[in-house]
Amino acid sequence: MFGGKDINDWFVKIHHHDFGVNYGNTFRVEDGIIKVRYDQYDDFNDQFGHLYYKTPFSYYHLKFEYRFVGELHKGAPSYTLRNSGLMFHSQDPRTMLKEQDWPISVEMQLLGGLSDGQPRPTGNMCSPGTNVIYQGKIASSHCLNSTSETYDGDQWVKGELIVLGDSLIKHIINGDTVLEYSKPQIGGGTANGYDPQIKIDGKLLSSGFIALQSEGQPVDFKNIWIKELPKPQK
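Residues numbered from 1 in each chain as written. Predicted model: local features only at pLDDT ≥ 70, side-chain atom pairs only at ≥ 80, totals over all residues. Heavy atoms only, no water.

**Student:** Teacher, can you tell me more about the overall build of the protein chain here?
**Tutor:** Along its length, the protein chain carries 0 helices and 16 strands. Over its C-alpha atoms the protein chain spans a radius of gyration of 16 Å, differing by no more than 12% from the 17 Å that the globule rule assigns to 234 residues. Seen along its three principal axes, the alpha-carbon backbone of the protein chain occupies a region of about 50 × 40 × 35 Å. Taken over 234 residues, the protein chain has a buried fraction of 52%. The long-range share in the protein chain, meaning contacts at least 24 apart out of those at least 6 apart in sequence, stands at 71%. Per element, the accessible surface of the protein chain, about 10,500 Å² overall, is 47% carbon and sulfur. Within the protein chain, the 28 negative side-chain charges are centred at a point lying 6 Å from the centre of the 23 positive side-chain charges. (Helix = DSSP H or I, 4+ residues; strand = E, 2+ residues; numbered from the N terminus. Rg over C-alpha atoms; globule rule 2.2 N^0.38 Å. Buried < 20%, exposed > 50% of the residue type's maximum accessible area, 1.4 Å probe, protein only. Contact = heavy atoms within 4.5 Å. Areas by Shrake-Rupley, 256 points an atom, 1.4 Å probe, with all protein chains shown as cover. Lys, Arg positive; Asp, Glu negative; His and termini not counted. Charge placed at Lys NZ, Arg CZ, Asp CG, Glu CD.)

This is the structure we're talking about:
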């Protein structure tokens, strides 16, 4: 998905900006890495952004590496400290309104440790405008913690995502399965400013776009690979 040279195969959508505007050169490629940076911003001003691969996927195994670097940008919410994510089963970014903050999607949330000795797992699930089935029922919280270890500092961490359409989803961190759930579907809250015609609560999500997140914390991504998996015969 990313050859290390450019992001010509990717789309940008940032809150407060029109589709396709890479405000402040937020998403850039240097040294074979997709870098998320804010050095051309003033105050963060809730300019949550996402970088979308150009085509949607349904059944697949995704691999990537990420690391957190630098300091949280001024004005970014405190909860975004060492916080980023990979969105999937996302709505088409071309259907997002200018003032929509997050896409209706499922998120593999990526968190870095705060070097304070406290656990802070990564590879969690968050659900902007969606719901998932966890342990036999719709998850009652916006985010589900994984069972991963805590990764402090600026070390590279390997993430994997196995998505089987609208059925099973697995999150894998450094080779260990850390979270499983199923039946991703539109519903819930958290996403704001969307076109109400897009948000059809209860609709199962069997495919969608994949995006890298920008929430105010500098973060790097590299080695992004995807393998499409066979769909079951009906």
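**Student:** Can you help me understand the state of the cysteines in this one?
**Tutor:** Chemically, a disulfide is nothing more than a covalent bond linking the sulfur atoms of two cysteines. Per the stated rule, a full pass over the model turns up 1 disulfide. Paired through a disulfide, Cys126 and Cys143 show a sulfur-sulfur distance of 2.0 Å. Between Cys126 and Cys143, the S-S dihedral sits near 110 degrees, and the bridge is therefore right-handed. Pair noted here: Cys126 is in strand β8 (residues 124–126) and Cys143 is in strand β11 (residues 143–144), with a separation of 17 residues, a long-range link. Owing to a relative accessible area of 2%, Cys126 belongs among the buried residues under this scheme. Cys143 sits in the partly exposed class, given a relative accessible area of 27%. (Disulfide = S-S within 2.5 Å.)

**Student:** I would appreciate a short explanation of the sheet that holds strand β9 (residues 130–134) in the present structure.
**Tutor:** Sheets are built from strands paired through backbone hydrogen bonds, the pairs being either parallel or antiparallel. Pairing within the open sheet is antiparallel, and its 9 strands lie in the order β2-β3-β16-β5-β12-β13-β14-β9-β10. With one partner strand each, in any of the chains shown, β2 (27–30) and β10 (137–138) form the two edges of the open sheet. As judged from the 8 bridges shared by strand β5 (residues 59–68) and strand β12 (residues 157–164), these two strands associate in the antiparallel manner. Bridging from a neighbouring strand, Glu65 pairs with Lys158 of β12. (Pairing = 2+ DSSP bridges.)

**Student:** I keep staring at the nonpolar core and nothing clicks. Help me out?
**Tutor:** Most often, soluble globular proteins have nonpolar side chains that are buried together. Counting residues in hydrophobic clusters, the biggest one holds 46 residues, and the most contacted among them are Phe88, Phe221 and Ile224. What Phe88 contacts, discounting residues up to four positions off in sequence, is Tyr60, Ser105, Val106, Glu107, Met108, Leu161, Val163, Ile169, His171, Tyr181, Phe209 and Ile210. Counting residues in hydrophobic clusters, the runner-up holds 5 residues, among them Tyr52, Met96, Phe209 and Ala211. (Core = buried A, V, L, I, M, F, W, Y, C linked by side-chain atoms within 4.5 Å.)

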